[in-house]
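Here are the chains, one letter per residue:
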Amino acid sequence: MNCLLTTMKVVLPLFLMIGTGFVLKEKKLLSEETAKQINKISFSTFIPLLVFNNIRNTRLEDVLNYRLFAFTVASILVMWGISIVIGVLTEKSPETRASMIQGMFRSNYTLYGLPVITLLVGSSNAGLSSFLITIIIPSFNILSIITLETFRNREIKLVSILISFAKNPLMIGAFAGLAALMLELKIPEFLEVTIEELAALAVPLALIVMGATFKFSNLKANRLQLALTVIMRLVIFPAVFMSIALLLGFRGIDIATLLAVFATPTAVVSYPMAQAMGCDGDFARDVVVLTTVLSGFTVFAFVFMIQYFGFISI
């Protein structure tokens, strides 16, 4: 029961915000065109501010776990490689293939994973997990930019990839936050409050926009690719990499952190990112919605198993 309540506290608000967007669209209070414009604003402003704020507020003390960092990065790279192979073998459209690859390997660690970790181990014990943002966000963003840029252009253009990387709002937010953290930058209170308030808009807006632009007809058009992407993201990848992590001896806060890396749904930001970079935004959106909806069952199952076998205490 405790596991169920823990998961539902995180999942239900996400469902309700997506549902709010869908209802607003059905009531004609929010048009799809307006939702897409809001999406662009969120991607270029609110989400980067959220990333900046999360990293800037991280504490360096007692969070440097190089073994965990190395395993996390190596696992992300392997998931990316496997996703590329699957995408190339199963999808002909370069734009949809790019969104499919991103949907498989990129998890929602920041917006979904951290709340789960906090509920599992408490906010006072989540310093390590928060600091991991500085590694996970750049890793996911670099690989996503390479993927979306490469398949959009149908060929690898290093200069174009580097320019996209440098101009990407999420990368700007991540490195600005890291710089502020390292320099122990003191921000005036009025500016700090403004940043926090704007950053707080990121998650609700992104989820509402997803609901407002979601179309059930798209699910029928890409059933095989969507099913494959969802299964890889929510079942195969977490089962394989969590098993490897347990065999390597990760326990407690470490395994809770890795659960958030491997078992959470596709990152919300993958939708605005795919849309902004000229790939299949509709497919990316549907993957985010489906993985978010179904993650309530899969995350519950993984949390229950690691608790039942004593790998973590809740």
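Look up: the structure comes first, before these words.
Residues numbered from 1 in each chain as written. Predicted model: local features only at pLDDT ≥ 70, side-chain atom pairs only at ≥ 80, totals over all residues. Heavy atoms only, no water.

Draft legend 1. Looking closely at helix α14 (residues 253–262). Of all the 10 residues making up α14, 9 are buried; the element is thus mostly covered by neighbouring parts of the structure. All of the buried residues along α14 are D254, I255, A256, T257, L258, L259, A260, V261 and F262. (Buried < 20%, exposed > 50% of the residue type's maximum accessible area, 1.4 Å probe, protein only. Helix = DSSP H or I, 4+ residues; strand = E, 2+ residues; numbered from the N terminus.)

Draft legend 2. How the structure looks around the environment of T96. Looking at the element boundaries, T96 is found in helix α4 (residues 94–105). Considering only alpha carbons, one finds T96 and N222, 126 residues apart in sequence, at a separation of 9.5 Å. Ignoring any residue separated from it by four or fewer positions in sequence, one finds T96 in contact with E91, D280 and F283. (Contact = heavy atoms within 4.5 Å.)

Draft legend 3. Region of interest: the pattern of salt bridges. Taken as a whole and assessed by the stated rule, the structure comprises 5 salt bridges. Notably, a salt bridge pairs E192 with R56, separated by 3.5 Å at the nearest N-O pair. With a gap of 136 residues between them, E192 in helix α10 (residues 189–199) and R56 in helix α2 (residues 32–56) connect regions that are remote in the sequence. Judged by its relative accessible area of 24%, E192 falls in the partly exposed class. A salt bridge links D282 to R285, with the shortest nitrogen-to-oxygen separation between them at 3.1 Å. Here D282 and its partner R285 are both found in helix α16 (residues 281–308), 3 residues apart, which amounts to about one turn of the helix. In this structure R285 comes out as buried when scored by relative accessible area, which is 0%. (Salt bridge = Lys/Arg side-chain N within 4 Å of Asp/Glu carboxyl O.)

Draft legend 4. Expanded view of a nonpolar patch on the surface. A cluster of nonpolar side chains, namely I231, V235, I236, V240, I244 and L248, defines an oily patch on the protein surface of about 450 Å² accessible area. Residue position: V240 is located in helix α13 (residues 223–247). V240 gets classed as partly exposed once you look at its relative accessible area, which sits at 41%. (Patch = residues over 30% accessible without salt bridge, like charges linked within 9 Å, V, L, I, M, F, W, Y side chains within 5 Å. Areas by Shrake-Rupley, 256 points an atom, 1.4 Å probe, with all protein chains shown as cover.)

Draft legend 5. Local environment of unusual backbone geometry. Despite not being glycine, K28 has its phi angle at roughly 60°, a positive value. Mapped onto the fold, K28 is located in the loop between α1 (2–26) and α2. At E184, a residue that is not glycine, the phi angle is positive and equals roughly 50°. Considering the arrangement of structural elements, one finds E184 in the loop between α9 (169–182) and α10.

Draft legend 6. Region of the structure containing the packing of aromatic side chains. Under the defined criterion, the tally for this structure stands at 8 aromatic pairs. When the centroid spacing of 6.4 Å and the interplanar angle of 35° are considered together, the rings of F309 and F311 count as tilted. Judged by its relative accessible area of 53%, F309 is exposed. The class of F311 is partly exposed, set by a relative accessible area of 21%. These aromatic residues form a ring-pair network of at least three members: F71, F237, F241, F250 and F262. (Phe/Tyr/Trp six-rings, centres within 6.5 Å; stacked < 30°, edge-to-face > 60°.)

Draft legend 7. How the structure looks around the side chain of T291. Its location among the elements puts T291 in helix α16. According to the relative accessible area criterion, T291 is buried, its value standing at 0%. Looking at T291, its side chain comes within polar contact range of the main-chain oxygen of V288, at 3.2 Å. T291 has contacts with V230, R233, L234, P265 and T266, leaving out every residue within four places of it along the chain. (Polar contact = N/O pair within 3.5 Å; in protein donor to acceptor, adjacent residues only side chain to side chain.)

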